[in-house]
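Here is how the chains run, residue by residue.
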Amino acid sequence: MGEEKIINIENVGLVLDKTTILDDVCMEMEQGKIYGLIGRNGSGKTMLMKCICGFVKPTHGKITVRNQVVGKEIDFPENMGILIENPGFIPHYSGIKNLKMLAELNRKINRQQIEETIRFVGLDPQMKRHVQKYSLGMKQRLGIAQAIMEDPDILILDEPMNGLDKEGVADMRTLFLDLKKKGKTIIIASHNAEDIDKLCDHVWEMEHGKAALKY
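As a starting point, this report considers the structure included with it. (Residues numbered from 1 in each chain as written. Predicted model: local features only at pLDDT ≥ 70, side-chain atom pairs only at ≥ 80, totals over all residues. Heavy atoms only, no water.)

## Looking at the sheet that holds strand β10 (residues 210–213)
Thought 1: Strand order in the open sheet made by the six strands is β6-β7-β8-β3-β9-β10, with mixed pairing throughout. Looking along the sheet, the strands with just one partner apiece sit at the ends: β6 (80–83) and β10. When strand polarity is set aside, the average angle formed by the axes of neighbouring strands in this sheet is 15°.
Thought 2: Both strand β9 (residues 202–207) and β10 contribute to a ladder of four bridges, which runs antiparallel. Paired with E207 across the bridge in β10 is K210.
Thought 3: Contacts from helix α1 (residues 45–53) reach β3 (34–38), β6, β7 (154–158), β8 (185–189) and β9, with the element oriented near 155° to β7.
Thought 4: Strands β3, β7 and β8 of the sheet are contacted by helix α5 (residues 166–181), whose axis makes an angle of about 150° with β8. (Pairing = 2+ DSSP bridges. Helix = DSSP H or I, 4+ residues; strand = E, 2+ residues; numbered from the N terminus. Axes fitted to C-alpha atoms, helices over the stretch in contact; angles between N-to-C directions. Contact = heavy atoms within 4.5 Å.)

This is the structure:
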C-alpha cells in the first residue's frame, strides 16, 4: 500500500473477562479508500471499530489515527463519522430535530447543511414524523446522515445496509463511492459479500479476533 497511512493498527489485542476478543490485529489504511471487515457475529469486527473510535481501550498494541495514538495522545479521533450499532435518537423528535441537537454539540454546521445531508441520504428534511414511527430503513438512513453530516475525513460504519431495501442499498453504495471520490476513508463491516465486493479496495476477514487480509 502507499505512503499516507491515516489509520495504523499495530498488534492490537483485547481481552475482556478472560475472553480474547481481538488477537494481535494489524492493519494499515490509506486516505481515500474503502476498507471492508467481514466475519460472522462475535468475530471482533464491531469491537475493533470501537477501539479505532476510542470507545474501548485495547489490552495491548496501539491504534494511531493521523499519527496520534488513540487513548494516549487523543481520547477520540477528531473528524470521524461513526455508525456503530443502533444510533441513540430521541424517539419522539423528528429526524431533523435529532440531527440539529447533535450538531449543536460541535457547532460545525448549520440547519441548511443538515437539510442537505438528510436529502443526500434520501430522506425528506421537512418530514415532521417522529423517529419512533420511522421504518428500520429510514432509521438506518438517518444514522448514516448523522455519521456524515459534519463532513468527516473518516467514516466507521458497522452494517450500514441493515434494514435497507434494494433501492436503499443501491443508494447507499452510490453515496459511499461518492464520498470516496471526495477523499474520505471509509471502514465498513458487513455480512453482505456483494456490498463488500462492490465497494471495498481492501478487505480483512475476521475470525476469533484475528484478522487476515483477503485482498
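## Comments concerning the environment of N67
Thought 1: Here N67 is to be found in the loop between β4 (60–65) and β5 (68–69).
Thought 2: Put simply, N67 and A189 are 122 residues apart on the chain and 23 Å apart in space, counted from C-alpha to C-alpha.

## Remarks on α1
Thought 1: Of all nine residues in α1, seven are buried; the element is thus mostly enclosed.
Thought 2: For α1, the complete set of buried residues consists of K45, L48, M49, K50, C51, I52 and C53.
Thought 3: G54 sits one or two positions beyond α1 and adopts a positive phi of about 90°. (Buried < 20%, exposed > 50% of the residue type's maximum accessible area, 1.4 Å probe, protein only.)

## Focus on the packing of aromatic side chains
Thought 1: The tally for this structure, following the rule as stated, stands at two aromatic pairs.
Thought 2: With a centroid separation of 5.8 Å and 25° between ring planes, the pair formed by Y35 and W204 is classed as stacked. One end of the pair, Y35, is in strand β3; the other, W204, is in strand β9, with 169 residues separating them in the sequence. Like Y35, the residue W204 is buried in the burial classification. (Phe/Tyr/Trp six-rings, centres within 6.5 Å; stacked < 30°, edge-to-face > 60°.)

## Considerations on the pattern of salt bridges
Thought 1: In the structure shown here, the tally under the stated rule is 13 salt bridges.
Thought 2: Between R66 and D153 there is a salt bridge, with its nearest N and O atoms 3.7 Å apart. Taken together, the residues R66 in the loop between β4 and β5 and D153 in the loop between α4 (136–148) and β7 connect sequence positions 87 residues apart.
Thought 3: A salt bridge links E194 to K198; its shortest N-O distance comes to 3.4 Å. Highlighted residues: E194 and K198, both in helix α6 (residues 193–199), separated by four residues, approximately one helical turn.
Thought 4: Its relative accessible area of 43% is what places E194 among the partly exposed residues.
Thought 5: By sharing partners, the salt bridges in this structure join R173, E194, D195 and K198 into a single network. (Salt bridge = Lys/Arg side-chain N within 4 Å of Asp/Glu carboxyl O.)

Keep in mind these values describe shape, not function.
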